[in-house]
Amino acid sequence: MLDLEAYKLSFLEYMEAQVPKKEPRNLYEPIEYILGLGGKRLRPVLVLMSADIFGGGREKAMDAALAIEIFHNFSLVHDDIMDDAPLRRGQQTVHEKWNINTGILSGDAMLINAYQLFENYPAEHFKPLAELFTKTAIEVCEGQQYDVDFEERDDVTIEEYLKMIEYKTAVLVGAALKMGAIVSDVSQSIQSEIYEFGRLLGIAFQIQDDYLDTFGEQAVFGKQIGGDIIENKKTYLYLRALELADQSSAEQLKHLYTISPENPSSKIETAKQIFEDSGAGKATTAKIKDFTEMAFERLEDIDVSQKGKDFLIQFGTNLMNRKM
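The structure displayed is predicted, hence computed values, not measured ones.

1. Topic: unusual backbone geometry
Logical step 1: With an omega of 0°, the peptide bond between Glu 23 and Pro 24 qualifies as cis.
Logical step 2: Unlike most non-glycine residues, Arg 89 shows phi in positive territory, near 55°.
Logical step 3: In this fold, Arg 89 is placed in the loop between strand 1 (87-88) and strand 2 (91-92).
Logical step 4: Residues other than glycine seldom take positive phi values, yet Asn 232 does so here, at roughly 60°.
Logical step 5: Along the chain, Asn 232 falls in the loop between helix 11 (227-230) and helix 12 (236-244).
Logical step 6: Since its relative accessible area comes to 15%, Asn 232 is described here as buried.

2. Details of the environment of Ile 313
Logical step 1: Among the structural elements, Ile 313 can be located in helix 16 (residues 306-320).
Logical step 2: Taking the relative accessible area as the measure of exposure, Ile 313 reaches 30% and is therefore partly exposed.
Logical step 3: Placed 18 residues apart in sequence, Ile 313 and Ala 295 show a C-alpha to C-alpha distance of 9.2 Å.
Logical step 4: When neighbours within four sequence positions are excluded, Ile 313 is seen to be in contact with Phe 296 and Leu 299.

3. Here's the deal with the pattern of salt bridges
Logical step 1: All told, the structure shown has 18 salt bridges when counted by the stated rule.
Logical step 2: Residue Glu 32 pairs with Lys 21 through a salt bridge whose shortest N-O separation is 3.5 Å. Taken together, the residues Glu 32 in helix 2 (residues 25-35) and Lys 21 in the loop between helix 1 (4-18) and helix 2 connect sequence positions 11 residues apart.
Logical step 3: Given a relative accessible area of 17%, Glu 32 falls into the buried group.
Logical step 4: Glu 166 is paired through a salt bridge with Arg 199; the nearest N and O atoms lie 3.4 Å apart. Highlighted residues: Glu 166 in helix 8 (residues 158-183) and Arg 199 in helix 9 (residues 188-215), separated in sequence by 33 residues.

4. Things to note about the side chain of His 95
Logical step 1: Positionally, His 95 belongs in helix 5 (residues 94-97).
Logical step 2: Exposure remark for His 95: the relative accessible area of 7% places this residue in the buried category.
Logical step 3: Ignoring anything within four residues of it in the chain, the contact list for His 95 reads Asp 80, Ile 81, Asp 84, Ala 85 and Ile 100.

5. Some points on the packing of helix 9 against helix 16
Logical step 1: Their axes nearest at 10 Å, the elements helix 9 and helix 16 cross at an angle of 15°. Between helix 9 and helix 16, the interaxial angle falls into the category roughly parallel. The chirality of how helix 9 crosses helix 16 is right-handed. Along the contact surface, helix 9 presents Ile 194, Phe 197, Leu 201, Ala 204, Phe 205 and Gln 208, while helix 16 presents Leu 312, Phe 315, Gly 316, Leu 319 and Met 320.

6. A look at the side chain of Thr 136
Logical step 1: Within the secondary structure, Thr 136 is located in helix 7 (residues 123-150).
Logical step 2: If we ignore the near neighbours within four places in the chain, the residues touching Thr 136 are Val 171, Leu 172 and Ala 175.

7. Comments concerning the layout of surface pockets
Logical step 1: If you add up the space inside the second largest pocket, you get close to 280 Å³.
Logical step 2: If you trace the second largest pocket, you find 14 residues lining it, with Gln 18, Val 19, Pro 20, Ile 70 and Asn 113 closest to the centre.
Logical step 3: For the lining of the second largest pocket, the secondary structure elements donating two or more residues are helix 2, helix 4 (58-83) and helix 6 (100-117).
Logical step 4: Counted by class, the lining of the second largest pocket contains 8 nonpolar, 4 polar and 2 charged residues.

8. So, the nonpolar core
Logical step 1: Residues Met 49, Leu 162, Met 179, Ile 194, Leu 253 and Phe 275 are the most contacted members of the largest nonpolar core, which totals 99 residues.
Logical step 2: Take this core: its biggest share by element is 17 residues, from helix 8.
Logical step 3: Excluding its chain neighbours within four sequence positions, the residues that come into contact with Leu 253 are Tyr 238, Ala 241, Leu 242, Ala 271, Ile 274 and Phe 275.

9. A short note on helix 12
Logical step 1: Among the residues making up helix 12, those that are buried are Tyr 236, Leu 237, Tyr 238, Leu 239 and Ala 241.
Logical step 2: At its buried positions, helix 12 is contacted by helix 8, helix 9, helix 13 (247-256), helix 14 (265-278) and helix 15 (280-297).

Cut-offs used in this document
- Residues numbered from 1 in each chain as written.
- Predicted model: local features only at pLDDT ≥ 70, side-chain atom pairs only at ≥ 80, totals over all residues.
- Heavy atoms only, no water.
- Helix = DSSP H or I, 4+ residues; strand = E, 2+ residues; numbered from the N terminus.
- Buried < 20%, exposed > 50% of the residue type's maximum accessible area, 1.4 Å probe, protein only.
- Contact = heavy atoms within 4.5 Å.
- Salt bridge = Lys/Arg side-chain N within 4 Å of Asp/Glu carboxyl O.
- Axes fitted to C-alpha atoms, helices over the stretch in contact; angles between N-to-C directions.
- Parallel < 35°, antiparallel > 145°, perpendicular 65-115°, else oblique.
- Left-handed = near helix turned anticlockwise from the far one by under 90°.
- 1 Å grid on protein atoms, 1.4 Å probe; cavity = no way out; pocket = protein on both sides within 12 Å on 5 of 7 lines; lining within 4 Å.
- Points joined across faces, edges and corners; volume = space filled by probe spheres on them.
- Nonpolar A, V, L, I, M, F, W, Y, C, P; charged D, E, K, R; others polar.
- Core = buried A, V, L, I, M, F, W, Y, C linked by side-chain atoms within 4.5 Å.

This is how it looks when you write it as structure tokens:
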């Protein structure tokens, strides 16, 4: 039965059973803490969903799902240290609750634990899972470095930005779906197609995330509206506005992204107006639609039941409508 909530609940039960209290507590308690902070659990759900759709069954995919969730949270622990972020999901970040050294060491242990989970698979699954995981992990690191580099640059291109979000966000979505396909013993071509579906959908999701950061409703989006503008993030919306706006508005927008006023409300409203007047807002929603449609096109040639295909399309549609 294809049921996202059921996948999430079964995964949480498995994760709770597989993350026992261990010594030394100062190493393992932060791991238990970050894994217990909640979240949509989107990536492990994708692993289980993929395994069910391709006939392998979610039980075979549990360790792969746990590996990808531990890796994702490992990256959050280290990202929070790099950003000096005080909160994660409304709670203290690991380095704030403990200290930076603990955050680094516990994060390192999480990465190792993620790799250990693949040892539970037979050789024919272990090798492709480990290879995919290694490729994805280094790409996520590369994406994070691009993101950091872009903060100091004023010549970031749209092509560079798309590569950054692909590596930082989308490859992990693709990898999650491919892991479910690997443990289900489907062909290499199907594994590649479901990976591309996830990668393209992940890019669309991240561009939409950027758009909602400016034009979303805070109660629905769950984050402060205008956060990317406050932080001078060079998102697709910003880069497209520089291309489409008249010279005066483009220069004004560039200037806004060099200042950090104590009260940012005027900065946010001015930037939003430039985004709207230039047509960058509409261009951004069109790009989201383009990537979503490209993702759905990859499903056309996948040898899977129509029920499974329809479920993937519904999942993608709900994701783009922020119902997930």
